[in-house]
Amino acid sequence: QVQLVESGGGLVQAGGSLRLSCVASGNIFSINSMGWYRQAPGKQRELVAVITSGGSTNHADSVKGRFTISRDNAKNTVTLQMNSLKPEDTAVYYCNARVITYQGINLTYWGQGTQVTVSS
């Protein structure tokens, strides 16, 4: 079993910043990629940013230039630095990890979600 624990959500005014962190623990041999998704009320979950074990990143067009994903492979941690936040960034943010277990099985895990609210 693998656990993803998120932290750092909250309420911020437009133009402000927040930093989300996610730590993965448990039956982990390696992690192929870690990422952040978000889901706003009435909308589908969407990719925000993803980072591979080699450090390659992909950010959604809507957050490019404002959000930055980073990763500490030794600590199985992924961080999302969010700057210049907008009200439309309001959503529940979910951590995602594509894990290879010690048994050699590829599995995808999700965190419980953390609320980010941006007031105008």
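Above this text you will find the structure in question.
Computed from a predicted structure; not experimentally measured.

Draft legend 1. Quick peek at the overall build of the chain. When helices and strands are counted, the chain shows zero helices and 11 strands. A globule of 120 residues ought to have a C-alpha radius of gyration of about 14 Å, and the chain, at 14 Å, matches this closely. If one aligns the C-alpha atoms of the chain with their principal axes, the spans along those axes are about 50 × 25 × 20 Å. Counting the 120 residues in the chain, one finds 42% classified as buried.

Draft legend 2. Region of interest: the environment of Tyr-109. When you line up the elements, Tyr-109 lands in strand S10 (residues 106-110). With 56 residues separating them in the primary sequence, Tyr-109 and Ser-53 have C-alpha atoms 16 Å apart. In this structure Tyr-109 touches Gln-1, Val-2, Leu-4, Cys-95, Asn-96, Ala-97 and Val-99, once residues within four positions along its chain are discounted.

Draft legend 3. Expanded view of the pairing of strand S3 (residues 18-26). In this sheet, S3 lies alongside strand S1 (residues 2-7) in antiparallel orientation, the contact comprising six bridges. If you follow Gln-3 over to S3, its bridge partner there is Ser-25. Here six bridges tie S3 to strand S8 (residues 77-82), and the two strands are oriented antiparallel to one another. Looking across to S8, one finds that Leu-20 is bridged to Leu-80.

Draft legend 4. Region of the structure containing the side chain of Glu-6. Structurally, Glu-6 can be placed in strand S1. One buried charged side chain, Glu-6, makes no salt bridge at all; its nearest oppositely charged neighbour is Arg-45, positioned 7.8 Å away. Here the side chain of Glu-6 touches Cys-95 through a polar contact of 2.6 Å, landing on its backbone nitrogen. Once residues within four sequence positions are removed from consideration, Glu-6 is found in contact with Ser-21, Cys-22, Trp-36, Tyr-93, Tyr-94, Cys-95, Gly-111, Gln-112, Gly-113 and Thr-114.

Draft legend 5. Region of the structure containing the environment of Ala-14. Examined against the element boundaries, Ala-14 turns out to sit in the loop between strand S2 (10-13) and S3. The exposure class of Ala-14 is partly exposed, given its relative accessible area of 42%. Along the backbone, Ala-14 and Thr-108 are 94 residues apart, and their C-alpha atoms lie at a distance of 33 Å. Among residues more than four places away in sequence, those in contact with Ala-14 are Leu-85, Pro-87, Val-118, Ser-119 and Ser-120.

Quick notes on the rules
- Residues numbered from 1 in each chain as written.
- Predicted model: local features only at pLDDT ≥ 70, side-chain atom pairs only at ≥ 80, totals over all residues.
- Heavy atoms only, no water.
- Helix = DSSP H or I, 4+ residues; strand = E, 2+ residues; numbered from the N terminus.
- Rg over C-alpha atoms; globule rule 2.2 N^0.38 Å.
- Buried < 20%, exposed > 50% of the residue type's maximum accessible area, 1.4 Å probe, protein only.
- Contact = heavy atoms within 4.5 Å.
- Pairing = 2+ DSSP bridges.
- Lys, Arg positive; Asp, Glu negative; His and termini not counted.
- Salt bridge = Lys/Arg side-chain N within 4 Å of Asp/Glu carboxyl O.
- Polar contact = N/O pair within 3.5 Å; in protein donor to acceptor, adjacent residues only side chain to side chain.

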